[in-house]
Amino acid sequence: MLISPKLTGYALFFTMRSANMRVTMCSRAIIFLVGAVYICHQVLAANVFIAELLVESNVTLEAQTILTALNETGAITVNNTKVTFSEHRLIAECLIVGDETTCNCSVGYVWSNEVCYTSDCCTETTCKKNVSLITPLCVAKTKVDINGTITLASTLTWDSTKTNTLETTLKKLNGFEGVNVTAQREGNTIVEFEAAVHVRLNTSQLQKLVYDLEGSLTGKLKVDTSGMVNIESPNSTVCYESTPTLKCKFEEETDSAVWSMSTQHQRFQLNTGIVVELINNCANETYKSCTGVILKKVTEIWSGTYECGFTRGSLTHKAKTRMRVALLPDVITMKIDPLTADCSKKLESASIDVDVTATILNSSESFKVSWSYMNKPLHDLSNRTDGDFLIYEFKAPISCVKIEEAQTITVTFKNAKGQIKNGSINVPVIYEGKPFCREEVVNGSFWPNTPAGDTVINRTCPAGRVGFSSRTCEGRKWQQVYHSCVNEELNKVVNAADNFLKGLGATQEVAMDIFSGLKNNSVYDPDEVETMADTSASINILNVMANASGRVVLQEDVLYDFAEAASNMLNKTWEGVNKSTVENMSADYLQSVEGLVKNVRVNDDRGLEEEKLDLKFCMGGECNVSVFGINMNLNSSSGPVKAVAVKNLTDKLRNNLDRQPSSLLISVTQENKTNSTLIRLAFPKEKHKYTIPSCVYWDTKKEEWSDKGCNVTTNDGNDTVCECDHLTSFAVLFAKSDVSTAVLDMITNVGLGVSVCSLLIFLVIESLVWSAVVKSNLSHFRHTALVNIALFLLLADCCFLASTSPKTLSKTVCLVLTVCKHLFYLAMFSWMMCMSVMLVHQLIFVFSPLRKRVFMFLSSIVGYVCPILIVGSSYVYCKYTETEYFDPNTCWLRYESLLKGSMHAFILPVGTVILTNLFSMVVVILTLTKSSVPEGSKADDKETAKSILKVVVFLTPVFGVTWIIGFALLIIDETTPMFQVALYSFTILNSFQGLLILITGCIAEVKVREELLKLITAKSRRGKSESLKNLTSTTYTKDK
């Protein structure tokens, strides 16, 4: 092209390469290459730059001449950096003759926004203004779509005049192509339109036009654009369970950014979750707005179209990209028919055909599917479509050859990336001669013959329910049916909650829909069999949403449906599952409710109350609220306080303290807690048989009650007042066993110490005088029993002293001490019974005395073997029934209720011994009474009374009769003065039992006392040269 004389300008686009430039830069340099050269360059890659070259000349030039000159230029230096030209392109020409200027953009280029909005050159026609020095001058065409929604004032409707106003205003945009009204809704008050430009928009200019339109149309506009944002995503299919990253960048600053993902039928907003991780710190000088998303271990549901959006004011700039995941089925549901293979009447060489069905959700992935049996060669499978599912069916021959391992059928799915996923099912096989449970029908469900130890899974649920039922055969006895068939609508809420936790659709609106669905499906239906499956699923939803609320802020609007749903769950019976399952469910329920209440953001102190749940808030300062009659006082200076009380939950939680729980439980949480807290709770006093209160809280980590940091400050008649120095879930427990005081503890410790010393002295004395006092069978029987009683009481007391601080002991040590106390006390009582039975036998059968060998044999069985059998069997029984043998908080046996708890393995044998010993004492007393002369003098009566009193005093300690007071403590009302009398009597008499045995069994016995005195006098007379054994023998001989 030839340009007329005078001054000619060319703007050229070209790229330069530099080997050592590594940072983004923008600088200017003047280079005289056939005139003045202006360069502005910017890094595109590590060492690639873009620049504009402006050529000015006062002679006639052709554009091709300039391009040829650039081709012949090897390299130039810019800012001490050597660069070479790799590509050049003509983008604009300007002809300036005198005061007249004519500028044009090359084909495929349009005027830049700077030219448009400063010089009013906004179309592709020739610009008559001198814009040659504006940078950039022309820019490459870029298609930008504009979509908008106009909501008019309620009194206005859309008409052609407003269409013209819309078009006239948008024509002011650079590169404007056209506008089209696409929809009018709700009586023409809401209008949707589309517009297009072929240059990247100036956001501030577009926002100004939006404000102008809102004023002229009297309405609100929401506008979004596409084509302005750069989006980065994987350029090929990503692997199943891989972790892809997507990123969006925009040159201008914006207020917020958001991500969404859509499939063919659904659209979800993305938020932080266990799968979604949002990146909001990737902005730099070039891209002032940046957002990214990391998807952790993507599965089938994450394949779709991803969209990012940057919002400022009423404008949102969007970009889309498609990400495809090499799919594998998330869930493979396998069924067999029949449910078991019965080989009991077949030869080992035979086999039984089982129909196998594998079902997955319909998928766009072309899977290669095969099946195998017991890891034998694979067989390819084809599918059929059934609605939203793909079904694979085949027959598998199950061998009747006896093997130890389970017979397994596996279906393998392989995707385009070569990744595989397996679904397996075990086929229960009944072999010849092996035990099994016989077939039966329960509530319309058929349970076939099933081998012992196997669990049958029945995936047939009643209409309107999905899931399965299972039943285990133990030995030849069926266990209870475990129902997992969940209401179909509730199951949809479960799936929605799972997606919410992942970050898929994690918004306030979706959360409200989830709690609304939970509320609608939580109403108790007494005629429904599968209520526990629904309750378990409902608690799972609460748990999932509680976890999600720690990542996504939820507003108080969700609390209304949440509170009603949570209350409805406690109206249900929670029957049909074992105790441990109920305990786990109740612990999850409590933790979920507490977590949700803590995390949901509230803005005022309005509370709400349902039948089984009461929720109150304090926004700061002194907090005094009442929930279900529980008055709470807390000085809150650091944030809102939330208190929630629930009914009918404490009886479902694991009760590790062997105490009767109150029906009310209160959970208190505080936002932004920064300092120590003292909370005061006044619980209504309930009508319990056990009225000794204690304050406890639920330890969520150990899932048990604890009294750490809590105490009962007063008991003012109607309320039990607790003070705690921390916040969590509190309750009041009423206990039989928690009756200890400082005085009782002191009496116990002193008494046991005295008993231990006394028993040691008793055993030493018995060893010294043994040969002298056991000359007759009767005395041998008596002293043998006394020594065993003293020895086992000594060991039991030592173990008791060792366990006085159970919180400092490990669980294993606590168990060992419990077993030892159980064994030694039972052995002591067993020898007491041997002694009493021997005494009665001697009184009744005077002329048929016991032989020493018979007594020792029978006594050894009763005194040694029986206690071991009782302790061992009770421990094994607790293990077999999965109940607790001991309480780690007391290091003693557990008492749950009448005839329930390991404590009865102690109470029943001890009660039997005490009754036997009481009978023996009565026999002795009656014998003494009959032996007196009927017409005797008053002196004889007095002697008889003395003898009876002596019998009672001497036999009571060694017969363990004082322990009968312990049984009275279980009967007497703890509020009466008589209970305190019995309590102190029991503590004093039994803690000092060792001292009483020393007095009655040793010091008070004349023969022992005489022999001990002889030992002492003989030792002082003969000196130390003669042995104690010879001295005792000699003394006895002289007496004889």
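These numbers come from a predicted model, not from an experiment. (Residues numbered from 1 in each chain as written. Predicted model: local features only at pLDDT ≥ 70, side-chain atom pairs only at ≥ 80, totals over all residues. Heavy atoms only, no water.)

> Mind laying out unusual backbone geometry, listing which residues take part and the relevant values?
Residue Thr135 is joined to Pro136 through a cis peptide bond whose omega torsion reads -10°. Structurally, Pro136 is set in the loop between helix H2 (113-119) and strand S10 (138-140). Positioned with a positive phi, Glu241 is a non-glycine residue whose angle comes to about 65°. Here Glu241 shows up in the loop between strand S15 (230-232) and strand S16 (245-250). Taking relative accessible area as the criterion, Glu241 reaches 45% and is therefore assigned partly exposed. Although it is not a glycine, Asn443 sits at a positive phi angle of roughly 50°. (Helix = DSSP H or I, 4+ residues; strand = E, 2+ residues; numbered from the N terminus. Buried < 20%, exposed > 50% of the residue type's maximum accessible area, 1.4 Å probe, protein only.)

> Give me the lowdown on the pairing of strand S31 (residues 420-427), citing residues and values where you can.
Strand direction decides the pairing type here: strand S30 (residues 407-414) and S31, joined by 8 bridges, are antiparallel. Bridged to Phe413 within S31 is Lys421. Between the end of S30 and the start of S31, which pair antiparallel, lie 5 residues, with Gly418 showing a positive phi angle near 85°. (Pairing = 2+ DSSP bridges.)

> Break down the state of the cysteines for me, with residues and values.
In protein chemistry, a disulfide is the covalent bond that joins the sulfur atoms of two cysteines. Throughout the structure, instances matching the rule amount to 12 disulfides. Put simply, Cys94 and Cys103 are joined by a disulfide, and their sulfur atoms are 2.0 Å apart. Where Cys94 bonds to Cys103 through sulfur, the torsion about that S-S bond is close to 120°, and the disulfide is right-handed. Owing to a relative accessible area of 8%, Cys94 belongs among the buried residues under this scheme. Looking at Cys103, the relative accessible area reads 0%, which means it is buried. What pairs with Cys105 in a disulfide is Cys138, and their sulfur atoms sit 1.9 Å apart. The S-S bond linking Cys105 to Cys138 shows a torsion near -80°; that makes this disulfide left-handed. Of the two residues, Cys105 is situated in strand S8 (residues 100-105) and Cys138 in strand S10; the sequence distance between them amounts to 33 residues. Since its relative accessible area comes to 4%, Cys138 is described here as buried. (Disulfide = S-S within 2.5 Å.)

> Just give me the short version of the sheet that holds S15, but keep the residues and values in it.
Spatially, S15-S16-S20-S19 is the arrangement adopted by the 4 strands of the open sheet, whose pairing is antiparallel. Each having just a single partner strand, S15 and strand S19 (276-279) make up the two edges of the open sheet. Between one strand and the next, the sheet's axes are offset by a mean angle of 15°, whatever the strand orientation. Sheet analysis places S16 next to strand S20 (residues 289-295), joined by 6 bridges and oriented antiparallel. Bridge pairing links Cys248 to Thr291 in S20. (Axes fitted to C-alpha atoms, helices over the stretch in contact; angles between N-to-C directions.)

> Tell me about the pairing of strand S29 (residues 389-399), residues and numbers included.
Alignment of strand S25 (residues 351-361) against S29, held across 11 bridges, turns out to be antiparallel. Within S29, the position partnered with Ala358 by the bridge is Tyr392. Across 3 bridges, strand S28 (residues 384-386) lies against S29 in antiparallel orientation. In the strand pairing of S29, Arg384 is matched with Ile391. Hairpin remark: S28 followed by S29, antiparallel, with 2 residues in the connecting loop; positive phi at Gly387, about 65°.

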